[in-house]
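# Residue-level structure breakdown
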Amino acid sequence: GDLCVSYIPFFVSHGILQRFCGAFAIFDKFVLRDCLQGLSDVLKVGAMHAVAAADKDVKNVKNGAKGVGENKYATMVEQMGGISKLIRLQQHQDDKVYVLALGILETYFPRVLEEDHRTVLVDESIKSTTTKKKDEQAQQEQKEMGQEQPSQKVSESGGSSSRKKKKKKKTE
């Protein structure tokens, strides 16, 4: 409970966040689960500290509204490249690792998921547009090739077969 919460700043000051983020490169699902759970606990304490600090500021301003300050621990994770590692862990084969990583991203880094989703949509849009353009180019090339071939046939034959038919009709 509260006793563990009081130790979190000590652990953070001694590099626990770097250790957690470094361990995300390990493929052992049990190590990953423990590190993700530990990171979640640290970020939860960071969020509690942020709310407490914001409430203190709000009381000083006499606003009365509950504010949300900066989660310093989340900022530290972001600065050390932990977010990209969490995003990669969503591809992990172990469902629990996936759920824990996604939960951390949704809770403490929601804008990253929105940006990631937008990037995916933009990538799909670019791929779709590129594919569409390639298809249109291929169709245009086929049309051009199709138009060139009949004109070549006419020029090769000189159009004499159609003239012969017309002459036959006149003689009848």
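Quick look at the structure, then. This structure is a prediction, so every number in the text was calculated from the model and none was measured. Every chain's residues receive numbers from 1 upward, in the order its sequence appears when written. With the structure being a predicted model, the display of local features is reserved for residues of pLDDT at least 70 and the display and counting of side-chain atom pairs for 80 or more, all residues being used for whole-chain, interface and lining totals. Side-chain descriptors were evaluated using all non-hydrogen atoms of the structure, hydrogens and water having been removed beforehand.

### Describing the overall build of the protein
- A count of helices and strands for the protein gives eight helices and zero strands.
- Each helix and strand of the protein, ordered N terminal to C terminal, gives the series α-α-α-α-α-α-α-α.
- Each residue gets one of three labels from its accessible area relative to the maximum for its type: buried under 20%, exposed over 50%, partly exposed in between, using a 1.4 Å probe on protein chains only. Within the protein, the proportion of its 172 residues that are buried is 26%.
- When contacts within the protein are restricted to residue pairs at least 6 apart in sequence, those whose partners lie at least 24 apart make up 62%. Numbered from the N terminus, helices here are DSSP runs of H or I no shorter than four residues, and strands are runs of E no shorter than two. Here a residue-residue contact requires only that any non-hydrogen atoms of the pair lie within 4.5 Å.

### Some remarks on the nonpolar core
- Counting residues in each nonpolar core, the largest one holds 30 residues, and the members touching the most others are Phe24, Leu36, Leu39, Leu43, Leu86 and Phe109.
- Sequence-distant contacts of Leu86, defined by excluding residues within four places in its chain, comprise Phe24, Leu36, Leu39, Ala101, Ile104, Leu105 and Phe109. In this text, buried Ala, Val, Leu, Ile, Met, Phe, Trp, Tyr and Cys residues form a nonpolar core when linked through side-chain atoms within 4.5 Å.

### Points about helix α4 (residues 72-79)
- Residues of α4 that are buried include every one of Tyr73, Ala74 and Val77, and no others. End-on view of α4: buried residues confined to an arc of 100°, all on one side of the axis. Within α4, the exposed residues directed more than 90 degrees away from the buried face are Lys72 and Gln79.
- Contacts described as polar in this section are N or O atom pairs within 3.5 Å, which, within protein, must combine one atom able to donate a hydrogen with one able to accept it, while residues neighboring in sequence count only if both atoms come from side chains. The residue sitting at the N-terminus of α4 and contributing the capping side-chain oxygen is Asn71; that oxygen lies 3.1 Å from the backbone nitrogen of Tyr73.
- Looking one or two residues beyond α4, the residue adopting positive phi is Gly81, at roughly 80°. As used here, the arc belongs to the directions running from the helix axis to the C-beta atoms.

### With respect to the pattern of salt bridges
- Salt bridge, as used here: a side-chain nitrogen of Lys or Arg that lies within 4 Å of a carboxyl oxygen of Asp or Glu. Applying the stated criterion to the full structure yields two salt bridges.
- Residue Asp94 is joined to Arg33 by a salt bridge in which the shortest nitrogen-to-oxygen separation is 2.8 Å. Of this pair, Asp94 sits in the loop between α5 (82-89) and α6 (95-108) while Arg33 sits in helix α3 (residues 29-61), and the two are 61 residues apart along the sequence.
- When its relative accessible area of 11% is taken as the criterion, Asp94 is described as buried.
- With a closest N to O distance of 2.5 Å, Glu78 and Arg111 form a salt bridge. Pair noted here: Glu78 is in helix α4 and Arg111 is in helix α7 (residues 110-157), with a separation of 33 residues, a long-range link.

### Looking at helix α2 (residues 16-23)
- For α2, every residue scored as buried is listed here: Leu17, Phe20, Cys21 and Ala23. Relative to the axis of α2, the buried residues are bounded by an arc of 160° and lie together on one face.

### Things to note about the side chain of Ser40
- With respect to the helices, strands and loops of the structure, Ser40 is situated in helix α3.
- On the accessibility criterion, Ser40 (17% relative accessible area) is buried.
- Excluding its chain neighbours within four sequence positions, the residues that come into contact with Ser40 are Ile104 and Tyr108.

### Remarks on a nonpolar patch on the surface
- Each patch is built from salt-bridge-free residues with over 30% relative accessible area, joining like charges within 9 Å and nonpolar side chains (Val, Leu, Ile, Met, Phe, Trp, Tyr) within 5 Å. The method behind every accessible area is Shrake-Rupley, applied with a 1.4 Å probe, and residues are considered shielded solely by the protein chains displayed. On the surface, Tyr7, Phe10 and Phe11 cluster together to form a nonpolar patch covering roughly 320 Å² of accessible area.
- The residue Phe11 is located in helix α1 (residues 2-13) in this model.

### Topic: the packing of aromatic side chains
- Note on aromatic contacts: the rings of Phe and Tyr and the six-membered ring of Trp form a pair at centre separations within 6.5 Å, being stacked when their planes are under 30 degrees apart, edge-to-face when over 60 apart, and tilted otherwise. Under the definition given, this model contains two aromatic pairs.
- Ring geometry for Tyr7 versus Phe11: centroids 6.3 Å apart, planes at 35°, classification tilted. One end of the pair is Tyr7 and the other is Phe11, both in helix α1 and four residues apart, which spans about a single turn.
- Classification of Phe11 by relative accessible area gives partly exposed; the value is 40%.
- Geometrically, the ring pair formed by Phe10 and Phe11 is edge-to-face, given 5.9 Å between the ring centres and 65° between the ring planes.
- Put simply, the rings of Tyr7, Phe10 and Phe11 touch in pairs and so form one group of aromatic residues.

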